[in-house]
Amino acid sequence: MGDQIKWETEMAAALDRARTENKNILLDFFNPG
Amino acid sequence: MDAVTYPDDRVISFIDENIIPLRVRFGVKPLTDDFNVKWTPTLITLDPEGVEHHRTVGFFAPEELIPSMLLGITKVFFDTNRFDDALMNLDKLLKGYPESDSAPEAIYLRGVSLYKNTDDPKPLKEAYEKLRDKYPAGEWTKRAYPYRLL
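Notes on the structure follow.

Criteria and thresholds
Residues numbered from 1 in each chain as written. Chains lettered and ligands numbered in written order. Predicted model: local features only at pLDDT ≥ 70, side-chain atom pairs only at ≥ 80, totals over all residues. Heavy atoms only, no water. Helix = DSSP H or I, 4+ residues; strand = E, 2+ residues; numbered from the N terminus. Buried < 20%, exposed > 50% of the residue type's maximum accessible area, 1.4 Å probe, protein only. Areas by Shrake-Rupley, 256 points an atom, 1.4 Å probe, with all protein chains shown as cover. Contact = heavy atoms within 4.5 Å. Buried area = accessible area lost by both parts, 1.4 Å probe. Salt bridge = Lys/Arg side-chain N within 4 Å of Asp/Glu carboxyl O. Pairing = 2+ DSSP bridges. Expected span 1.5 Å × (residues − 1). Axes fitted to C-alpha atoms, helices over the stretch in contact; angles between N-to-C directions. Parallel < 35°, antiparallel > 145°, perpendicular 65-115°, else oblique. Left-handed = near helix turned anticlockwise from the far one by under 90°. Nonpolar A, V, L, I, M, F, W, Y, C, P; charged D, E, K, R; others polar.

### Digging into the overall build of chain A
Assigned secondary structure in chain A consists of one helix and one strand. With the principal axes as the frame, chain A shows a C-alpha extent of 35 × 25 × 10 Å. Of all 33 residues assigned to chain A, the portion counted as buried reaches 42%. If you sum the accessible surface of chain A, you get close to 2,000 Å²; carbon and sulfur atoms cover 45% of it.

### Some remarks on the interface of chain B and chain A
Taken together, the contact pairs 35 residues of chain B with 27 residues of chain A. Across the chain B/chain A interface, buried area totals approximately 3,200 Å², and carbon plus sulfur atoms make up 65% of it. When the area that chain B buries against chain A is broken down by residue, the three leading residues are Ile20(B), Leu22(B) and Arg23(B), summing to 26%. Among the salt bridges present, the one from Arg19(A) reaches Glu49(B), with a minimum N-O distance of 3.5 Å. Sorting elements by how many residues they give to the side of chain B that touches chain A places helix H1 (residues 9–18) of chain B first, with eight residues.

### Structural notes on the pairing of strand S1 (residues 19–25) of chain B
When a strand is regular, its side chains alternate between the sheet's two faces. Of all seven residues making up S1(B), six are buried, and the element is well covered by its neighbours. Where strand S1 (residues 24–30) of chain A meets S1(B), seven bridges bridge the pair, whose relative direction is parallel. Within S1(B), the residue paired with Leu26(A) across the bridge is Pro21(B).

### Side note on helix H3 (residues 62–79) of chain B
All names here are of chain B. Between its first and last C-alpha, H3 extends 26 Å over 18 residues, near the 26 Å set by a 1.5 Å rise per residue. Burial analysis of H3 places 16 of its 18 residues in the buried class, which makes it a mostly covered element. Positioned one or two residues after H3, Asn81 has a phi angle of 65°, which is positive.

### Observations regarding the pairing of strand S3 (residues 52–57) of chain B
Residue and element names in this part refer to chain B. In the sheet, strand S2 (residues 42–46) pairs with S3 via five bridges, with the strands oriented antiparallel. Looking across to S3, one finds that Ile44 is bridged to Arg55. The loop that links S2 with its antiparallel partner S3 comprises five residues; one of these, Gly50, has a positive phi angle of about 90°.

### A word on unusual backbone geometry
Omega for the peptide link from Lys29(B) to Pro30(B) comes to 10°, which places this bond in the cis form. Here the bond from Thr40(B) into Pro41(B) is cis, since omega is -10°, no more than 30 degrees from zero. Here Pro41(B) lies in the loop between helix H2 (31–34) and S2. Phi angles above zero are rare outside glycine, and Asn22(A) is one such case at about 55°. Residue placement: Asn22(A) occurs in the loop between helix H1 (11–21) and S1. Take Asn22(A): its relative accessible area is 67%, and that puts it in the exposed class. Backbone geometry places Asn81(B), a non-glycine residue, at a positive phi of 65°.

### As for the sheet that holds S3(B)
Pairing between the strands of a sheet is mediated by backbone hydrogen bonds and can be parallel or antiparallel. Read from one edge to the other, the open sheet built from four strands follows the order S1(B)-S1(A)-S2(B)-S3(B), with strand pairing classed as mixed. If you trace the sheet from one side to the other, it starts and ends with S1 and S3 of chain B, each paired once. Strand-to-strand twist in this sheet, taken as the mean axis angle between neighbours without regard to direction, amounts to 20°. Where H1(B) meets the sheet, it contacts S1 of chain A together with S1 of chain B, and its direction lies at approximately 110° from that of S1(B).

### A word on the packing of H1(B) against H3(B)
Residues and elements named next belong to chain B. Remark: H1 packs on H3, axes separated minimally by 9 Å, with the N-to-C direction vectors making an angle of 15°. Judged by the inter-axis angle, H1 sits roughly parallel to H3. Crossing of H1 against H3: the hand is left-handed. Of the residues in H3, those in contact with Arg10, Val11, Phe14, Ile15 and Asn18 of H1 are Pro62, Glu63, Leu65, Ile66, Met69, Leu70 and Ile73. Residue composition of the contact of H1 with H3, grouped by class: nine nonpolar, one polar and two charged.

Here it is in structure tokens:
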């Protein structure tokens, strides 16, 4: 475990990881303010 | 979320072990339009093909975000007829976070998943009775109301 969340920032990369790791995706739309 | 929830060790650990985190700035196209997002934070659970199964809008404290993510993962299994996997995740949610805001929907989905697995309507009635006893005025109690007759 790291000390922060390792966010993906591109959908294609997240989908690749999801398929490879057989996991789902948490997509967070955020507003940095 | 950045100040309280995402730095929480329990949240970091859960995400690291269970789900791929993807962050997109609100307004970035085409994703904001593709997902019809109007407000932040909007959190969406996608399956590995990018299909949406669960959505929330608004802030979550750490002790609510983890069960909400479990519910999202459960819905991927439920929507794809993998009811054993859905039940495993629902049991994790209900044992680990029985007082969370996600628990009533989890009780409902557990009843439905058991029914889907067995064709026995008894779990539907049991789900209604649990909801009635614990959340007498709850939204999911109302949704389960017809099951009292089974």
